[in-house]
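# Architecture and fold: a report
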Amino acid sequence: MACDTAFRIIARRHLDAVLAQHEGTCRGDPDALHQIRIALTHLRTAIRFFSPMVDDALRPKVWAELKWLNSQLGMVRDLDVAIERVVADAGDELAVIAELRHWDEKRAESHRLLSRALRSARYRRLVEQISAWIESGPWSTGRSKEAIRLRRCSLADHATAQLTEWEKTLLKKARKLSKLDVERRHKLRLLNKRLTYSIESLADLFTDAALTKQKSILKQLRKAQRSLGQLNDDARGQALAASLNGAGPEAGIRFLNRKREEKLLRTASVAYRKLNKAKPFRSSDLTPNAEPED
């Protein structure tokens with residue numbers, strides 16, 4: 001399969017998944033919100049994965065609109081995660097129960113803004129523009145030799161090169177995990193997620209002989225992802241707590257736990273060390289005859 005065909009199939013799959021969760025997210029369903037964010041991240045990852053093939057004049061506009069949508073979804077999702085943490089710690093403490101009222105007010109206000117964004121003309125234009133760009137954007141009609149070569153390149157060859165490059169970059173940055181600040185740790189988490197989602201999207205492309213290797217790599221990536229995700233949730237929860245009106249300074253303290261942080265960092269570090277020992281991706285791991293499911 002050529003890369004242009006593969007990109008259309010994969011990107012369309014994830015755009016459809018975004019659209020499938022639209023109404024549920026507008027109604028305030030936390031699970032729908034979680035799923036739409038996952039689908040959106042998969043879509044953005046697909047665009048990165050097939051760069052530079054899709055790097056045409058419209059891509060910056062497409063990317064900016066997807067980034068806007070992600071930011072609209074992100075605030076409410078971060079609040080959902082923080083509220084789950086507060087509820088888990090609540091018990092019968094009246095002080096915590098009172099604090100929850102401030103969190104719920106913040107969540108309701110943020111969801112109203114999100115629902116308005118998802119029902120806006122901007123969102124409708126975004127969907128139309130991205131759908132058209134995936135199918136027939138300028139990237140698909142460039143006549144230069146390089147543009148044609150990139151579109152005709154086999155998915156197996158491109159995937160091998162891209163996965164190898166991303167894994168190398170991830171492991172290089174992961175060596176300094178214990179010294180990273182919150183922002184750099186967040187960027188490492190995004191690199192981890194990018195590699196994980198790409199391997200998942202290409203699951204049906206791996207040969208039978210390479211499936212054990214693929215599953216082993218995904219296992220370590222997911223372990224690291226969970227730990228880094230929880231660390232990021234703690235940082236976001238602390239920041240959100242500071243923005244609550246009348247909740248008091250104790251609202252942010254629950255998201256500070258040095259022992260928890262050290263444990264999560266150790267788990268992620270161990271996962272990266274095991275990943276570093278795995279054999280690198282090879283073209284023989286992927287079959288050029290396989291096709292992603294439409």
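Going by the structure above, here's the rest.
Below is a short write-up of the structure. The residue numbers shown here count from 1 along each chain, following its written sequence. In keeping with the model being predicted, local features are shown solely for residues with a pLDDT of at least 70 and side-chain atom pairs are shown and tallied solely at 80 or more, while totals for entire chains, interfaces and linings include all residues. Side-chain figures throughout are based on the complete set of non-hydrogen atoms in the structure, without hydrogens or water.

A separate point is the overall build of the chain. Helical segments are the DSSP runs of H or I of at least four residues, strand segments are the runs of E of at least two, and each set is numbered from the N terminus. Summing up its helical and strand segments, the chain has 12 helices and zero strands in all. In sequence order, the chain lays out its α and β elements as α-α-α-α-α-α-α-α-α-α-α-α. The C-alpha radius of gyration computed for the chain amounts to 21 Å, which stays within 12% of the reference 19 Å derived for 294 residues, consistent with globular compactness. The buried label goes to any residue with under 20% of its type's maximum accessible area, the exposed label to any with over 50%, and the partly exposed label to all in between, with areas taken from a 1.4 Å probe on protein chains only. Classification of the 294 residues of the chain by burial places 49% in the buried group. Any two residues whose heavy atoms approach within 4.5 Å at even a single point are treated as in contact. In the chain, 81% of the contacts between residues at least 6 apart in sequence involve partners at least 24 apart. A positive count includes Lys and Arg, and a negative count includes Asp and Glu. His and the chain ends are not counted in either. Charge coordinates come from a single atom per side chain, which is NZ of Lys, CZ of Arg, CG of Asp or CD of Glu. Across the chain, the mean location of the 56 positive side-chain charges is 6 Å away from that of the 38 negative side-chain charges. It is over C-alpha atoms that the radius of gyration is taken, and the globule rule equals 2.2 Å times the number of residues to the power 0.38.

Below, the discussion takes up the packing of helix 10 (residues 211-242) against helix 12 (residues 258-277). Contact geometry for helix 10 and helix 12: axes closest at 8 Å, N-to-C directions at 155 degrees. Between helix 10 and helix 12, the angle is such that the two are roughly antiparallel. Considering the relative orientation of helix 10 and helix 12, their crossing is left-handed. Each of Ile217, Gln220, Leu221, Lys223, Ala224, Ser227, Leu228, Gln230, Leu231 and Asp234 in helix 10 lies in contact with helix 12, whose residues at this interface are Arg260, Glu261, Leu264, Leu265, Thr267, Ala268, Ala271, Tyr272, Lys274 and Leu275. Each residue is assigned to one of three groups, with Ala, Val, Leu, Ile, Met, Phe, Trp, Tyr, Cys and Pro labelled nonpolar, Asp, Glu, Lys and Arg labelled charged, and all others, Gly among them, labelled polar. Its residues assigned to classes, the contact of helix 10 with helix 12 shows 11 nonpolar, four polar and five charged. Angles run from 0 to 180 degrees between N-to-C directions of axes, and those axes are lines fitted to C-alpha atoms, restricted for helices to the stretch in contact. Angular relationships are summarised with four words: roughly parallel below 35 degrees, roughly antiparallel beyond 145, roughly perpendicular across 65 to 115, and oblique for the angles in between. Rotating anticlockwise by less than a right angle from the far helix to the near helix defines a left-handed crossing, while the corresponding clockwise rotation defines a right-handed one.

So, on to the pattern of salt bridges. What makes a salt bridge here is a side-chain nitrogen of Lys or Arg within 4 Å of a carboxyl oxygen of Asp or Glu, nothing more. By the definition in use, this model includes 15 salt bridges. Between Glu135 and Arg12 there is a salt bridge, with its nearest N and O atoms 2.7 Å apart. Taken together, the residues Glu135 in helix 6 (residues 121-136) and Arg12 in helix 1 (residues 3-20) connect sequence positions 123 residues apart. Judged by relative accessible area, which is 33%, Glu135 ranks as partly exposed. If you follow the salt bridges from partner to partner, you end up with Arg185, Arg258, Glu261 and Glu262 in one network.

Within helix 7 (residues 145-152), burial applies to Ala147, Ile148, Leu150 and Arg151. Along the axis of helix 7, the buried positions cluster into a sector of 160 degrees, meaning they face one direction only. With respect to the buried face of helix 7, the exposed residues turned more than 90 degrees away are Lys145 and Arg152. Next to the buried residues of helix 7 lie helix 1. Arc definition: directions from the helix axis to the C-beta atoms.

Right, let's talk about the packing of helix 8 (residues 155-174) against helix 12 for a bit. Where helix 8 meets helix 12, the axes come as close as 10 Å, and the angle between the chain directions of the two elements is 135 degrees. Between helix 8 and helix 12, the angle is such that the two are oblique. Pair helix 8 / helix 12 crosses with left-handed handedness. On helix 12, the residues touching Glu167, Leu170, Leu171 and Ala174 of helix 8 are Tyr272, Leu275 and Asn276. Residues belonging to the contact of helix 8 with helix 12 are distributed by class as follows: five nonpolar, one polar and one charged.

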